[in-house]
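An overview of the molecular structure
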Amino acid sequence: MDDKLEVCEEIVSDLLKIPESADFIDLVDKKKVPDYYDLIERPICLSQIKEKTLYLQYESCEEFIDDMLTLFENCFSYNLEQSEVYDNGRILQTSFLSMLKSRLPRLHRTVGKSRKSD
């Protein structure tokens, strides 16, 4: 495994240890939130991202970052700003960006240039 991709796996593992990650571990339940899949084009969760890092399904760290940013975009576009899930998403995003900045600083600098990180 590429050293940088190994760091990506470490980042998602560390994010999963944060209590606020609970809402993002699994995909949103279609039975509990039926309209989610009508509104969210590319659903993704931390379990899928973790699995992709473990099974070397990312060709680059940029692909990993793209999935992480999609996770946050989905959260912020579906949930109301005052909601607990939205707040947890913000905490997780802040943690992710901090980890990215300290562990992969070159890639962190490109996050805002390639996509809006919210």
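Quick notes on the rules
- Residues numbered from 1 in each chain as written.
- Predicted model: local features only at pLDDT ≥ 70, side-chain atom pairs only at ≥ 80, totals over all residues.
- Heavy atoms only, no water.
- Helix = DSSP H or I, 4+ residues; strand = E, 2+ residues; numbered from the N terminus.
- Rg over C-alpha atoms; globule rule 2.2 N^0.38 Å.
- Buried < 20%, exposed > 50% of the residue type's maximum accessible area, 1.4 Å probe, protein only.
- Contact = heavy atoms within 4.5 Å.
- Salt bridge = Lys/Arg side-chain N within 4 Å of Asp/Glu carboxyl O.
- Axes fitted to C-alpha atoms, helices over the stretch in contact; angles between N-to-C directions.
- Parallel < 35°, antiparallel > 145°, perpendicular 65-115°, else oblique.
- Nonpolar A, V, L, I, M, F, W, Y, C, P; charged D, E, K, R; others polar.
- Arc of directions from axis to C-beta.

A separate point is the overall build of the chain. The helix and strand inventory of the chain stands at six helices and zero strands. Going from the N terminus to the C terminus, the chain shows its helices and strands as α-α-α-α-α-α. Compactness check: the chain gives a C-alpha radius of gyration of 14 Å against a globular reference of 13 Å for 118 residues, within 12% of the reference. Taken over the C-alpha atoms alone, the chain extends approximately 40 × 25 × 25 Å along its principal axes. Per-residue burial over the chain gives 40% buried out of 118 residues. Long-range contacts, defined here as pairs at least 24 residues apart, represent 65% of the contacts in the chain between residues at least 6 apart.

Let us look at the pattern of salt bridges. A complete count under the given rule lists six salt bridges for this structure. With a closest N to O distance of 2.3 Å, K50 and E9 form a salt bridge. In this pair, K50 sits in helix 3 (residues 46-54) while E9 sits in helix 1 (residues 3-16), placing the two residues 41 residues apart along the sequence. The pair K50 / E9 is uniform in exposure class, with both members buried.

For the rest of this paragraph, the subject is the packing of helix 3 against helix 4 (residues 61-78). Packed helices, taken two at a time, are described by their axes: the angle between them and the distance between them. At a closest axis distance of 10 Å, the pairing of helix 3 and helix 4 adopts a crossing angle of 175 degrees. One way to sum up the angle between helix 3 and helix 4 is to call them roughly antiparallel. Of helix 4, the residues touching helix 3 (which contributes L46, I49, K52 and T53) are F64, D67, M68 and L71. By residue class, the composition of the contact of helix 3 with helix 4 is five nonpolar, one polar and two charged.

Considered for burial, the residues of helix 3 that qualify are L46, I49, K50 and T53. Angular distribution of buried residues about the axis of helix 3 spans 100 degrees; they occupy a single face of the element. In the core, the buried residues of helix 3 are packed alongside helix 1, helix 4 and helix 5 (84-103). Positioned one or two residues after helix 3, L56 has a phi angle of 55 degrees, which is positive.

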